[in-house]
Amino acid sequence: MIQHLLSASDLDATAATLILDTATEMAAMADRDVKKLPTLRGRTVVNLFYEDSTRTRISFEAAAKRLSADVINFSAKGSSVSKGESLKDTALTLQAMGADAVVIRHPASGAPHRLATWIAGSVLNAGDGTHEHPTQALLDAYTLRSRLGEIAGRHVVIVGDVLHSRVARSNVVLLDTLGAKVTLVAPPTLVPVGAGAWPADVSFDLDRVLPDADAVMMLRVQKERMGEAYFPSAREYSRRYGLDGPRMRRLPGHAIVMHPGPMNRGMEITPEVADSARSTIVEQVANGVAVRMAVLYHLLGSVK
Ligand code: ASP
């Protein structure tokens, strides 16, 4: 198994499937009274978060604790980072403290790759800028597999702010590795330059692609990364690219609706859809713990 998980492209189909299979076993543990395995006893996992997070940080923490690792949570606010300490100096401090794995979220695309050159342990990318978020793609693949069975041959439609979405990038890569077909749907201003070379189709017409989807993944409109106007108004965006009840009913009966969270309810997704039986949003969060346990298990198991 690999030492670091920096990108979804670090995983071939065999490695990704092994992680998903292990996550199935880890999920079975959540039903037990004692939700703990001794696997990572004596190992230290540092959560190094330079950007806000709810789901990812908590679920990495829960995952590491369920494997009996010692967990250190480091947030940039309140640390020497606010005194101007560089990522490299922070990394060397963590190294000196004997971190076996560092889970990093950073606003700069590529920060986890740099970190991996400075420390001896494993580096796990928990979201770097607009670049990648590989464990999100793994938990989405896990959710797809548990709801729809086989991923190969399925059609996944990813909708919205693709330009700023590390979730979309990692999903396109992993879904392609696992044999799914992906269609990106977004306003032309939110389709990244170069997306034509990705293993995905691009469409500007949500209504047309929905009847052929097995899953539709709605992306958050990332206002915090938008310095300028990418669409005329929130209302106009919702009208063309938001998922509401009538639009959801264009999906085939078996199709599911996903969202990585946090949601802008009423913008890219209406409450009716988010809280419907097709929605896997809460399930995705629960699956995140099992998938991250599987990732920690395999990555830390490979560097002793
Ligand atoms: N939580 C995801 C991320 O950190 C998606 C989002 O923020 O919209 O990338």
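Residues numbered from 1 in each chain as written. Predicted model: local features only at pLDDT ≥ 70, side-chain atom pairs only at ≥ 80, totals over all residues. Heavy atoms only, no water.

Filter applied, for reference: UniProt positions are given in the numbering used here, feature names are shortened, and annotations may be inferred rather than shown by experiment.
Under an unreviewed UniProt entry, the protein has the name Aspartate carbamoyltransferase and belongs to Virgisporangium ochraceum. As stated in UniProt under Pathway (unreviewed entry), the record for the protein gives "Pyrimidine metabolism; UMP biosynthesis via de novo pathway; (S)-dihydroorotate from bicarbonate: step 2/3." Turning to the protein, the UniProt record has this under Subunit (unreviewed entry): "Heterododecamer (2C3:3R2) of six catalytic PyrB chains organized as two trimers (C3), and six regulatory PyrI chains organized as three dimers (R2)."

## Focus: the UniProt feature "domain: Aspartate/ornithine carbamoyltransferase Asp/Orn-binding" (unreviewed entry) in the protein
The following threshold applies: Helix and strand labels come from DSSP, where a helix needs a run of H or I of at least four residues and a strand needs a run of E of at least two; each type is numbered from the N terminus.
In this structure's numbering, the residues bearing the UniProt feature "domain: Aspartate/ornithine carbamoyltransferase Asp/Orn-binding" (unreviewed entry) are residues 153–299. Overall, residues 153–299 shows 35% helix and 14% strand. The separation of its end C-alpha atoms is 29 Å.

## Re the site of the ligand
In plain terms, the rule: Near, as used in this document, describes a residue that has one of its heavy atoms within 4 Å of the molecule or strand being considered. A 3.5 Å cut-off defines polar contacts: any pair of N or O atoms within that distance qualifies, except that in protein one atom must be a possible hydrogen donor and the other a possible acceptor, and neighbouring residues in sequence count only when both atoms are side-chain atoms. Each accessible area is a Shrake-Rupley estimate made with a 1.4 Å probe; only the visible protein chains count as cover when residues are assessed. Each residue gets one label: Ala, Val, Leu, Ile, Met, Phe, Trp, Tyr, Cys and Pro are nonpolar, Asp, Glu, Lys and Arg are charged, and the others, such as Gly, are polar.
Around the ligand lies a shell formed by Arg105, His133, Arg166, Val167, Arg220, Gln222, Gly261 and Pro262. In this structure, Arg105 approaches the ligand through a side-chain N or O atom, which is 3.1 Å from an oxygen atom. In the environment of the ligand, an oxygen atom lies 2.7 Å from a nitrogen or oxygen atom belonging to the side chain of Arg220. Notes on the ligand: free accessible area 260 Å², of which the protein chains cover 92%. For the shell around the ligand, the per-class residue count stands at 2 nonpolar, 3 polar and 3 charged.

## Quick look at the pairing of strand 5 (residues 155–159)
Worth spelling out the cut-off: Only protein chains enter the calculation, and the probe is 1.4 Å; a residue is then buried if its accessible area is under 20% of its type maximum, exposed if over 50%, and partly exposed in between. For two strands to be treated as a pair, DSSP must find at least two bridges joining them. With its strands directed away from the observer, a crossover is right-handed exactly when the path from the first strand over the helix to the second travels clockwise.
Within strand 5, 5 of the 5 residues are buried, which leaves it mostly tucked inside the rest of the structure. Residues His155, Val157 and Val159 of strand 5 are buried on one face, and the alternating residues Val156 and Ile158, pointing to the opposite face, are buried as well. Inspection of the sheet shows strand 5 paired to strand 6 (residues 181–185) by 5 bridges, in the parallel sense. Within strand 6, the residue paired with Val159 across the bridge is Val185. Taken together, strand 5, helix 6 (residues 166–177) and strand 6 constitute a β-α-β crossover, and its handedness is right-handed. In the sheet, strand 5 pairs with strand 8 (residues 215–218) via 4 bridges, with the strands oriented parallel. Paired with Ile158 across the two strands is Met217, which belongs to strand 8.

## Re the UniProt feature "binding site: L-aspartate" (unreviewed entry) in the protein
For clarity, the threshold we go by: Should any heavy atoms of two residues lie within 4.5 Å, those residues are counted as being in contact.
The sites that UniProt annotates as "binding site: L-aspartate" (unreviewed entry) are Lys83, Arg166 and Arg220. With the annotated positions falling across 138 residues, the maximum pairwise C-alpha distance of 31.7 Å shows that they are not confined to a single cluster. In this structure, Arg166 sits in helix 6. Overall, the relative accessible area of 8% leaves Arg166 in the buried class. Among the polar contacts listed, one links the side chain of Arg166 to the side chain of Glu51, at a separation of 3.0 Å. The class of Arg220 is buried, set by a relative accessible area of 19%. Setting aside its immediate chain neighbours within four residues, Arg220 contacts Asp161, His259, Pro262, Asn264 and Glu268.

## Overview of the sheet that holds strand 8
The condition that has to hold: Angles here are taken between N-to-C directions and fall from 0 to 180 degrees, while the axes themselves are lines fitted to C-alpha atoms, restricted in helices to the stretch in contact.
With parallel pairing, the 5 strands of this open sheet are ordered in space as 7-6-5-8-9. Here the strands that pair on one side only, and so sit at the sheet edges, are strand 7 (201–203) and strand 9 (256–258). Averaged over neighbouring strand pairs, the angle between their axes works out to 20° when direction is ignored. Two strands pair when backbone bridges link them, and strand 6 and strand 7 are joined in this way by 3 bridges, in the parallel orientation. In the sheet register, Val185 faces strand 7, and the bridge partner there is Ser203. The sheet strands contacting helix 5 (residues 134–148) are strand 5, strand 8 and strand 9, and the helix crosses strand 9 at an angle near 165°.

## With respect to helix 4 (residues 111–118)
Definition in use: Of all possible arcs, the one meant is that of the directions from the helix axis to the C-beta atoms.
Taken together, the buried positions of helix 4 are Ala111, Pro112, Leu115, Ala116 and Trp118. Here the buried residues of helix 4 occupy an arc of 160° about the axis, which is enough to place them on one side. Where helix 4 is buried, its residues contact strand 1 (44–49), helix 3 (87–96), strand 3 (101–106) and strand 4 (122–128).

## Considerations on the packing of aromatic side chains
The relation between two aromatic rings is expressed through the spacing of the ring centres and the mutual angle of the planes. Applied cut-off: Pairs were defined over the aromatic rings of Phe, Tyr and Trp, the Trp ring being its six-membered one, requiring ring centres within 6.5 Å. Orientation was assigned from the angle between planes: stacked under 30 degrees, edge-to-face over 60, tilted for the rest.
All told, the structure shown has 3 aromatic pairs when counted by the stated rule. An angle of 50° between the planes, with centres 6.3 Å apart, marks the rings of Tyr50 and Phe74 as tilted. Residue Tyr50 is found in the loop between strand 1 and helix 2 (55–66), and its partner Phe74 is found in strand 2 (residues 70–75); the two are separated by 24 residues along the sequence. A single burial state applies to Tyr50 and to Phe74, both of which are buried. Considering the side-chain rings of Tyr237 and Tyr241, the 5.9 Å spacing of their centres and the 40° angle between planes classify their relative orientation as tilted. Note that Tyr237 and Tyr241 are positioned in helix 8 (residues 234–241) at a spacing of 4 residues, about one turn of the helix. Like Tyr237, the residue Tyr241 is buried in the burial classification.

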